[in-house]
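Chain by chain, the residues:
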Amino acid sequence: MAAAAAAVAAAAAVVVAAAGDARFEVLDALGLCRLTRRTGDLDGAVPLRVAKACVPLLEGNAFGLQITLARPIEVRRRLGSLRAEPAGEHREALARAHRAALTRLVSQGFLAPEGAWHRALRGGLAWTCRKGLGPPRLRLWTGLLVRPDPGLWLRVAGAANRRNALIEVSEAYLADDGAFVPLVVELRVRDEAPQRLQLEGEIGCIAPVLPDVQIEACSLADAPEVGRAHAEFYDAKYFAVKKGQVTRKYRRLVGGTAGGRNASAGGGSAGEGSAGEGSADEGSAGEGSAGEGSADEGSAGEGSAGGEGTGEGSAGPARVRLVVAGPAAPEITEVTEVTTAAGPDPVLWRGGARRLASIVVRNAVPFRATFDGHTLAVAPEAPRLAEGAAAVERAFARTFGDDFLAANRGALWYLTKYFTPHPPGEPHFFVKPWAFTRTPPGWSSLLDGVNGDGYDVMRGVVATDAFFATPAVFHVRRLGAPIEVPEGAELLRIVPIPRDLLRAGFREARFLDA
């Protein structure tokens with residue numbers, strides 16, 4: 001039935017406009033939400049130092065398209081369930097528009113009559129669902145239907161970096177089965193939220209991804225060029241320059257080849273004014289997002305080509321290497337469930353060899369961090385930090401020898417200390433995983449943070465075909481009382497993505513009778 005609906009929908013929808021490099025279609029059936037593009041500097045809201053110097057954070061801000069409410073929605077909690085309805089004077093008008101839209105969608109083949117989507121949406125704009133014994137979640141229909149181009153999926157996640165901190169958005173993937181699929185955002189309301197919560201503006205993010213990715217883990221000894229690149233980036237000259245000014249070394253490394261060329265926010269692009277280690281140079285959030293990473297002798301394509309994977313235009317899957325240089329190795333995972341035109345509940349992906357792999361980075365050293373408005377103090381469990389740092393040094397010594405360690409003590413120290421604070425007054429610090437990610441030429445990595453109690457881990461994009469580190473940048477939201485991050489807590493999900501998809505747009509579709 002889904003295939004029949006897809007065929008009718010394909011005939012009914014008429015493409016009328018494109019925005020940027022269009023890679024998916026959008027049908028607006030309701031006028032409740034629109035897809036908007038962010039600037040990298042969040043309309044001037046980021047610190048000046050970050051706007052000048054941090055390419056990866058700017059790219060993370062600008063990544064994808066924001067799912068933006070055109071009208072406020074009120075969410076209410078009651079007796080273990082969640083309810084949502086339009087706030088204010090538009091409530092009745094939107095209810096009528098919702099009923100009319102469903103009739104139209106069914107009659108023109110976008111929804112199968114009495115199918116799972118039709119039954120779910122007939123109950124209203126939103127409904128409650130549960131996963132096992134977990135807390136209730138709210139599925140909110142945006143009024144949009146989307147269809148990725150052949151070969152692509154659509155990833156739905158939180159708004160990140162500028163978001164409503166009282167809600168969390170579940171990650172979801174919409175597979176390319178050829179049909180329009182209602183765009184639903186699944187929300188969890190945090191316990192500290194009031195019983196009545198008003199949602200406005202950006203509530204999520206949608207972006208196309210390529211599900212032809214394979215990731216293999218290897219030791220530092222199997223990829224010594226990555227270790228050399230780290231040492232070459234953090235050489236004595238780097239630290240000498242960093243003492244007094246921004247080095248702009250990441251910017252020079254990636255030049256105009258990184259996705260940052262499109263993440264410009266008034267001079268914050270990779271090609272003009274951002275120094276990837278940016279805040280790294282002055283201790284701001286950017287250092288973490290830009291990375292303490294590695295460079296392959298300054299060439300974006302030279303080191304990453306080396307038989308490690310297929311690049312853009314290759315017939316095979318992209319091959320990504322996870323280079324482990326210490327304990328607590330990140331986990332390689334695959335997306336196994338996707339949302340389709342069959343219904344709102346995710347189903348097992350049965351697309352054969354086409355799979356999307358990602359990397360989950362977990363915390364290696366338990367710690368507490370406290371921000372008092374001026375100073376952010378990080379207190380790690382010292383024995384665990386010492387053990388991990390020693391293991392990293394042993395990995396480098398086995399690969400390169402003791403002379404290498406002696407000649408590159410600063411680069412090793414920069415990695416093994418694990419934590420790097422920011423200047424006084426900033427509620428940020430970053431954590432440097434003891435592993436590197438190396439993608440094929442033309443591929444970057446989306447670093448999507450996993451938020452916790454009292455903190456966010458920020459979203460960034462790193463050109464990991466040239467710069468291989470993937471730090472977790474923390475934003476502490478709690479004042480006075482410490483946040484606690486145990487060993488094993490998820491910090492980041494790393495999703496390799498072709499750079500031509502980082503700023504992909506969409507084609508607007510209309511009903512046949514529009």
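Residues numbered from 1 in each chain as written. Predicted model: local features only at pLDDT ≥ 70, side-chain atom pairs only at ≥ 80, totals over all residues. Heavy atoms only, no water.

Draft legend 1. Examining the overall build of the protein more closely. Scanning the protein for helices and strands turns up 14 helices and 30 strands. Looking at the 514 residues of the protein, the share that counts as buried comes to 57%. In the protein, once contacts between residues fewer than 6 apart in sequence are set aside, the share between residues at least 24 apart is 76%. Approximately 19600 Å² of the protein is accessible, and the part contributed by carbon and sulfur atoms is 52%. (Helix = DSSP H or I, 4+ residues; strand = E, 2+ residues; numbered from the N terminus. Buried < 20%, exposed > 50% of the residue type's maximum accessible area, 1.4 Å probe, protein only. Contact = heavy atoms within 4.5 Å. Areas by Shrake-Rupley, 256 points an atom, 1.4 Å probe, with all protein chains shown as cover.)

Draft legend 2. Main features of the sheet that holds strand β15 (residues 331–334). Strand order in the open sheet made by the 5 strands is β15-β18-β29-β24-β26, with antiparallel pairing throughout. In this open sheet, the two strands that pair with only one neighbour each are β15 and β26 (460–462). Neighbouring strand axes in the sheet, compared pairwise and without regard to direction, differ in orientation by 30° on average. Relative to strand β29 (residues 490–498), strand β18 (residues 357–362) is paired through 4 bridges, and the arrangement is antiparallel. Residue pairing in the sheet places V361 in a bridge with L492 of β29. (Pairing = 2+ DSSP bridges. Axes fitted to C-alpha atoms, helices over the stretch in contact; angles between N-to-C directions.)

Draft legend 3. Representation of the side chain of E85 within the structure. Tracing the chain through its elements places E85 in strand β5 (residues 81–86). Polar contacts involving the side chain of E85 include one to the side chain of R91, which spans 3.3 Å. If we ignore the near neighbours within four places in the chain, the residues touching E85 are I73, E74, R76 and R91. (Polar contact = N/O pair within 3.5 Å; in protein donor to acceptor, adjacent residues only side chain to side chain.)

Draft legend 4. Seen up close, the sheet that holds strand β25 (residues 455–457). In spatial order, the strands read β21-β22-β27-β25; together these 4 strands make up an open sheet with antiparallel pairing. Each having just a single partner strand, β21 (419–421) and β25 make up the two edges of the open sheet. For this sheet the average axis-to-axis angle between neighbouring strands, irrespective of direction, equals 25°. The sheet contact formed by β25 and strand β27 (residues 472–476) spans 3 bridges and is antiparallel. Counterpart to D456 in the pairing with β27 is H475.

Draft legend 5. Representation of the pairing of strand β17 (residues 343–348) in the model. Pairing analysis gives 3 bridges linking strand β16 (residues 337–340) to β17, with the strands arranged antiparallel. Bridged to E337 within β17 is L348. From the end of β16 to the start of β17, which pair antiparallel, there are 2 residues.

Draft legend 6. Quick look at unusual backbone geometry. Of note, the phi angle at E114 is positive, near 60°, even though the residue is not glycine. By the secondary structure assignment, E114 is in the loop between α4 (91–107) and α5 (116–122). Judged by its relative accessible area of 46%, E114 falls in the partly exposed class. Phi is positive for A160, which is not a glycine, with a value near 55°. Looking at where A160 falls in the secondary structure, it is placed in the loop between β8 (153–157) and β9 (167–169).

Draft legend 7. Structural view of the packing of helix α12 (residues 382–400) against helix α14 (residues 409–416). Where α12 meets α14, the axes come as close as 10 Å, and the angle between the chain directions of the two elements is 140°. By the angle class used here, α12 and α14 are oblique. As for the relative orientation of α12 and α14, their crossing is right-handed in sense. Here L385, A389, V392, E393 and F396 of α12 come into contact with α14, specifically with R409, L412, L415 and T416. (Parallel < 35°, antiparallel > 145°, perpendicular 65-115°, else oblique. Left-handed = near helix turned anticlockwise from the far one by under 90°.)

Draft legend 8. A look at the environment of D448. Of note, D448 is situated in strand β24 (residues 443–449). Linking D448 and V360, residues 88 residues apart in sequence, is a C-alpha distance of 9.7 Å. Residue contacts for D448: discarding those within four places in its chain leaves R155, A157, R459, L491, L492 and R493. One polar contact links D448 to R459, side chain to side chain, over a distance of 2.6 Å.

Draft legend 9. Summary view of the nonpolar core. F396, Y418, F429, V431 and F474 are the most contacted members of the largest nonpolar core, which totals 82 residues. Here F396 is in contact with L220, G227, A325, G401, F404, L405, L412 and L415, once residues within four sequence places are set aside. (Core = buried A, V, L, I, M, F, W, Y, C linked by side-chain atoms within 4.5 Å.)

Draft legend 10. Summary view of the pattern of salt bridges. Counted under the stated rule, the structure contains 39 salt bridges. One salt bridge connects D500 with R23, and the closest N-O pair in it is separated by 3.9 Å. Separated by 477 residues along the polypeptide, D500 in the loop between β29 and β30 (505–510) and R23 in strand β2 (residues 22–28) bring together distant segments of the chain. By relative accessible area, D500 is classed as partly exposed at 35%. Between E85 and R76 there is a salt bridge, and its shortest N-O distance comes to 3.2 Å. (Salt bridge = Lys/Arg side-chain N within 4 Å of Asp/Glu carboxyl O.)

Draft legend 11. Local environment of the packing of aromatic side chains. In the structure shown here, the tally under the stated rule is 17 aromatic pairs. Note on F367 and F474: the rings are 5.7 Å apart at their centroids and 75° apart in plane angle, and the pair reads as edge-to-face. Here F367 is found in strand β19 (residues 367–371), whereas its partner F474 is found in strand β27, with 107 residues between them in sequence. For F367, a relative accessible area of 3% gives the class buried. Arranged with centres 4.9 Å apart and planes meeting at 85°, the rings of Y418 and F419 form a pair that is edge-to-face. Relative accessible area serves as the criterion here: at 1%, Y418 is assigned to the buried category. Look at F419 and you get buried, because its relative accessible area is 9%. Grouping aromatic residues by their ring pairs yields a cluster made of F367, Y418, F419, F429, W434, Y455 and F474. (Phe/Tyr/Trp six-rings, centres within 6.5 Å; stacked < 30°, edge-to-face > 60°.)

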